[in-house]
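The chain contents come next:
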Amino acid sequence: MREFERKSKNEGRAEGRAQERQKAKKRTEAIMRNLREEGMSYERIARITNQSLSKVKSFFKTKQPA
């Protein structure tokens, strides 16, 4: 029974971390969209958001919805 409880807690923690990562990703994407709307270059957006240039270009190439 304790092993099941331990496993359940670990699964809950992992799920919580995954949700937080998803929230952080959405915040970063929103920031990138806002910076681009302000006319910033891909290079500057990458520097500000600490993302790779290829990741930033790929994000805008796929035209992520708001």
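Residues numbered from 1 in each chain as written. Predicted model: local features only at pLDDT ≥ 70, side-chain atom pairs only at ≥ 80, totals over all residues. Heavy atoms only, no water.

K.L.:
Even after reading the chapter, I still don't get the overall build of the chain, so can you show me in this structure?
P.N.:
Counting secondary structure elements, the chain contains three helices and zero strands. Order of helices (α) and strands (β) in the chain, N terminus to C terminus: α-α-α. Across the 66 residues in the chain, those meeting the buried criterion constitute 15%. For the chain, the share of sequence-separated contacts (at least 6 apart) that also reach a separation of at least 24 residues comes to 31%. By element, 48% of the accessible surface of the chain is carried by carbon and sulfur atoms, the whole surface being about 5800 Å². (Helix = DSSP H or I, 4+ residues; strand = E, 2+ residues; numbered from the N terminus. Buried < 20%, exposed > 50% of the residue type's maximum accessible area, 1.4 Å probe, protein only. Contact = heavy atoms within 4.5 Å. Areas by Shrake-Rupley, 256 points an atom, 1.4 Å probe, with all protein chains shown as cover.)

K.L.:
It is not clear to me how the nonpolar core should be interpreted in this structure. Could you clarify?
P.N.:
A general tendency of soluble globular proteins is for nonpolar side chains to be buried together. With seven residues, the main nonpolar core is built from Met32, Leu35, Ile45, Ala46, Val56, Phe59 and Phe60. Elements represented by at least two residues in this core include exactly α1 (2-37), α2 (42-49) and α3 (53-61). The element contributing the most residues to this core is α3, with three residues. Not counting residues within four places of it along the chain, the set of residues in contact with Ile45 comprises Met32, Leu35, Arg36, Met40, Val56 and Phe60. (Core = buried A, V, L, I, M, F, W, Y, C linked by side-chain atoms within 4.5 Å.)

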